[in-house]
Amino acid sequence: MLDLTRADPGLLHLADAVVTELLATSTALDAAQIMIVGAHSRDIMQSALGHGFGLRATTDIDLGLAISNWPAYGELVEKLPPSGNTGIQFRIANVPADLMPFGDVEDPRGTVTPPARNEPLSVWGFAEVFAAALPLTLPSGGTIKIPTVAGYAALKLAAWLDRSEYNEFKDAIDIATVLYWYAKSPVVNDYVYESEHGQDLLLAEDTDDTAAAVRVLGEHLAAAMGPDRLTEITERWLRSAKAAHLYDHMTVTSAPGWPRSPERRRSLIQAMERGMGMARPR
């Protein structure tokens, strides 16, 4: 579904500059340990998928770092000027960059507490998303990782659950954007109409091909998370008290044909849930 060679090269220059400077400061970090996440990864995916509508702007970059131990992380960040007071944001190549360690330093799994930070940081799902991530070749020739579309979506579902508890709803737009990508994907459309399983999904969704497409997303999400993470997010998702806010804030107003009705958005989220195997009455 995602052909990264189609991405606008201009979008890669920022990541290239940050990664180049980051690698120059550390003897322990390798490009293969770096995964671009967050809004900049979304913009690269949007471009690679051939969409040009406007997305929520950002001025920083988020990088997940598959770090084996805290001394390796400390050796890296001690040479970087901090930006803000989060304990994980630094100024690299004159760009604010969040450096989020994950992997062996997680304790408990899905949580890290960097030394300069006073509270735990959620990196839920990073390890699973990293394991299935795609290679992203930068203009300088180095190669880092970028999540699959489903992997990006998995991280966004977790971010929604975390931030919506504090009445921050911006992740709803990114969730809607992924649903739109699947709904408009020629690859997904061909799968829905031309494969036996896709046709089964189409019939199960009462021949609503948009609902069938986002149900495919749900299946891809479940595979990206793996059974343990899927169980965890299902429990949180189904008991979330902020569902109505999700439907209301799923606004991608510049995307052609995106539904304005919260009820229609709700029906698409529920199709995604069915793809993930979540049991919710229709």
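For the structure itself, consult the block above.
What this report covers is the structure whose coordinates are included nearby. Numbers given to residues run from 1 along each chain, matching the order in which its sequence is written. In view of the model being predicted, local features appear only for residues whose pLDDT reaches at least 70, and side-chain atom pairs are presented and counted only at 80 or more, with totals across whole chains, interfaces and linings using the full set of residues. As a rule here, side-chain values cover all heavy atoms of the structure and leave hydrogens and water aside.

As for the pairing of strand β8 (residues 143-146)
Link 1 in the chain: Where burial is concerned, the two faces of β8 differ: the one with I144 and I146 is buried and the one with T143 and K145 is not.
Link 2 in the chain: In short, DSSP must find at least two bridges between two strands for them to pair. A run of H or I in DSSP counts as a helix once it spans at least four residues, and a run of E counts as a strand once it spans at least two, with each numbered from the N terminus. With four bridges connecting them, strand β7 (residues 134-137) and β8 associate as antiparallel partners. What sits directly across from P135, in β8, is K145.
Link 3 in the chain: Between β7 and the antiparallel strand that follows it, β8, lie five residues; G141 among them carries a positive phi value of about 105°. Working definition: with a 1.4 Å probe on protein chains only, accessible area under 20% of the residue-type maximum means buried, over 50% means exposed, and in between means partly exposed.

Topic: the packing of aromatic side chains
Link 1 in the chain: Two rings belonging to Phe, Tyr or Trp (six-membered ring only in the last case) form a pair when the distance between their centres is within 6.5 Å. Interplanar angles under 30 degrees mark stacking, angles over 60 mark edge-to-face geometry, and anything in between is tilted. The full count for this structure, using the stated rule, is seven aromatic pairs.
Link 2 in the chain: A ring pair is formed by F53 and Y180, whose centres lie 5.2 Å apart and whose planes are at 80°; its orientation type is edge-to-face. Taken as a pair, F53 in the loop between α2 (38-48) and β2 (61-67) and Y180 in helix α6 (residues 171-183) lie far apart in primary sequence, 127 residues in all. Judged on exposure class, the residue F53 and its partner Y180 are both buried.

Some details on the layout of surface pockets
Link 1 in the chain: Definitions used for this entry: grid spacing 1 Å over protein atoms alone; cavity, a set of points where a 1.4 Å probe fits but cannot get out; pocket, an open set with protein on both sides within 12 Å along at least 5 of 7 lines; lining residue, one with an atom within 4 Å of a point. Grid points are joined across faces, edges and corners, and a volume is the space filled by probe spheres set on the points. In this structure, the largest pocket spans a volume of roughly 1,200 Å³.
Link 2 in the chain: Lining the largest pocket we find 41 residues, and of these M100, L121, S122, A159 and R163 sit closest to its centre.
Link 3 in the chain: The set of elements that each furnish at least two residues to the lining of the largest pocket consists of α2, β2, β4 (95-103), β6 (121-122), α5 (149-164), α6 and α9 (209-239).
Link 4 in the chain: Looking at the lining of the largest pocket, the element that brings in the most residues is α5, giving eight residues.
Link 5 in the chain: Looking at the lining of the largest pocket residue by residue, the classes come out as 18 nonpolar, eight polar and 15 charged.
Link 6 in the chain: For the second largest pocket, the calculated volume is near 160 Å³.
Link 7 in the chain: Lining the second largest pocket we find M1, L2, L134, T148, V149, A150, Y182, H220, A223 and A224.
Link 8 in the chain: The set of elements that each furnish at least two residues to the lining of the second largest pocket consists of α5 and α9.
Link 9 in the chain: If one sorts the elements of the lining of the second largest pocket by residue count, α9 sits on top with three residues. Three classes are used: nonpolar for Ala, Val, Leu, Ile, Met, Phe, Trp, Tyr, Cys and Pro, charged for Asp, Glu, Lys and Arg, and polar for all others, with Gly counted as polar.

Spatial relationships are all this shows, so hold off on functional conclusions.
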